[in-house]
Amino acid sequence: MHEQAGSGTLYIVATPIGNLKDISQRALDILAEVDVIACEDTRHTQKLLSAYSIKNKTLSMHDHNERQRQDYIGELLQQGQNIALVSDAGTPLISDPGFHLVRHCRSLGLTVSPIPGACAAIAALSAAGLPTDRFSFEGFLPSKSGARQAALTELANETRTMVFYDAPRRAIDTVADIVETLGGDRYIVIARELTKTFETIHSDTAANFLLWLKEDPNQLKGEMVLIIEGHKVDPNAILPHILTTLKLLVDELPPKKACAIAAKIYGVKKNTLYETALSLKS
């Protein structure tokens, strides 16, 4: 859909996750110049605005009223007003309200423009020391242990680095569930209170991490990003579909011949198949 001529712009403005200095000059200019600032919590946002002497009209827009607000905000934009959307901290829509509003505005052909800045998930990932070339953001883990274990079990074979948000008060229970579902040797990182006075970024195996958390109650406070190392694939492991073919071939042919054919079909080294072929034959 073409953008509406004469309409305003919805700016998606990232705000600090802790240290109030972590905001761009462009973001401050936008917050000062727009007609309305839509906030997850107007009281929380007011602290940031006051720190930079920004006196502007605010409007609450959170999980419970977003569907109702989206029509009103859409109308203001169509009238030519410019609006900034902010969350309590970090980049809006990243486990925060705003998706329904953005989709609604885009469906109306209104301009939606991102003003980039802080994001706790990315900040934690950048300092975690785990692979960053491929990662998945999983949002908040379930609060109940059963559901949390089920969610982690589903991700047991995920090879990408996984990033979660979680409440520090649940950290011990969460790490215990990681030990239960993914194993005590799975490497994890917890980044707590990022950019704040008591910023802590700690990494270890899940089993050791559990002991560390139990010894230091201070680590159960504040905001937390949990990062879990992806599943490491054994380079010598035989993929299921190759194993199925090998079983069929071994039933009819000598192991050496069966390995040669399977290796040729799938482009793998026949030496990696031989021990398995022998065990299947026996």
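First, a word on scope: everything that follows refers to the structure included in this document. (Residues numbered from 1 in each chain as written. Predicted model: local features only at pLDDT ≥ 70, side-chain atom pairs only at ≥ 80, totals over all residues. Heavy atoms only, no water.)

### Side note on helix H7 (residues 171-182)
- Compared with the 16 Å implied by 1.5 Å per residue over twelve residues, the 16 Å span of H7 between its first and last C-alpha is a close match.
- On its buried face, H7 is in contact with helix H6 (145-154), strand E7 (161-166), strand E8 (187-192), helix H8 (206-215) and strand E10 (224-228).
- Where H7 terminates, the next one or two residues include Gly183, which has phi positive at roughly 100°. (Helix = DSSP H or I, 4+ residues; strand = E, 2+ residues; numbered from the N terminus. Expected span 1.5 Å × (residues − 1). Contact = heavy atoms within 4.5 Å.)

### Digging into the packing of aromatic side chains
- Going through the model one piece at a time under the given rule, you end up with three aromatic pairs.
- Measuring from centroid to centroid gives 5.1 Å for Phe137 and Tyr165, while their planes differ by 70°, and the two rings are edge-to-face. Within this pair, whereas Phe137 is found in strand E6 (residues 135-140), its partner Tyr165 is found in strand E7, the two being separated by 28 residues in sequence.
- Ring geometry for Phe209 and Trp212: centres 5.4 Å apart, planes at 90°, overall edge-to-face. One end of the pair is Phe209 and the other is Trp212, both in helix H8 and three residues apart, which spans about a single turn.
- Accessibility expressed as a relative area gives 21% for Trp212, which makes it partly exposed.
- Ring pairing ties together the aromatic residues Phe137, Phe140 and Tyr165, which thus form one cluster. (Phe/Tyr/Trp six-rings, centres within 6.5 Å; stacked < 30°, edge-to-face > 60°. Buried < 20%, exposed > 50% of the residue type's maximum accessible area, 1.4 Å probe, protein only.)

### Re the packing of H7 against H8
- Relative orientation of the contacting elements H7 and H8 amounts to 160°, with a least axis distance of 9 Å. It follows from the interaxial angle that H7 and H8 lie roughly antiparallel. Where H7 crosses over H8, the two elements pack in a sense that is left-handed. On H8, the residues touching Ala171, Ile172, Val175, Ala176, Ile178 and Val179 of H7 are Ala206, Ala207, Phe209, Leu210, Leu213 and Lys214.
- Along the lines of polarity and charge, the residues of the contact of H7 with H8 split into eleven nonpolar, no polar and one charged. (Axes fitted to C-alpha atoms, helices over the stretch in contact; angles between N-to-C directions. Parallel < 35°, antiparallel > 145°, perpendicular 65-115°, else oblique. Left-handed = near helix turned anticlockwise from the far one by under 90°. Nonpolar A, V, L, I, M, F, W, Y, C, P; charged D, E, K, R; others polar.)

### So, the nonpolar core
- Core analysis: the largest hydrophobic core is formed by 19 residues, its most contacted members being Phe164, Val175, Ile178, Ile188, Leu226 and Ile228.
- Taken together, the elements giving at least two residues each to this core come down to E7, H7, E8, H8 and E10. (Core = buried A, V, L, I, M, F, W, Y, C linked by side-chain atoms within 4.5 Å.)

### Here's the deal with the layout of surface pockets
- Its boundaries defined by the atoms lining it, the largest pocket holds a volume of some 820 Å³.
- Contributing to the lining of the largest pocket are 37 residues, with Ile17, Asp88, Ala89, Gly90 and Glu223 lying nearest its centre.
- Listing elements by their share of the lining of the largest pocket, those giving two or more residues are helix H2 (42-51), E7, E8 and E10.
- Broken down by element, the residue count for the lining of the largest pocket peaks at four residues, all from H2.
- A class-by-class count of the residues in the lining of the largest pocket yields 18 nonpolar, eight polar and eleven charged. (1 Å grid on protein atoms, 1.4 Å probe; cavity = no way out; pocket = protein on both sides within 12 Å on 5 of 7 lines; lining within 4 Å. Points joined across faces, edges and corners; volume = space filled by probe spheres on them.)

### What about a nonpolar patch on the surface?
- A cluster of nonpolar residues, Ile265, Tyr266 and Val268, forms a patch on the protein surface that exposes about 240 Å² of accessible area.
- If you trace the backbone, Tyr266 turns up in helix H10 (residues 255-266).
- For Tyr266, a relative accessible area of 31% translates into the label partly exposed. (Patch = residues over 30% accessible without salt bridge, like charges linked within 9 Å, V, L, I, M, F, W, Y side chains within 5 Å. Areas by Shrake-Rupley, 256 points an atom, 1.4 Å probe, with all protein chains shown as cover. Salt bridge = Lys/Arg side-chain N within 4 Å of Asp/Glu carboxyl O.)

### Overview of the pairing of E7
- Across the six residues that make up E7, a large majority, six, are buried.
- Alternating positions in E7 separate into two faces, Thr161, Val163 and Tyr165 on one and Met162, Phe164 and Asp166 on the other, with burial throughout.
- One ladder, built from five bridges, connects E6 with E7; its direction is parallel. Residue pairing across strands places Phe137 opposite Val163, the latter belonging to E7. (Pairing = 2+ DSSP bridges.)

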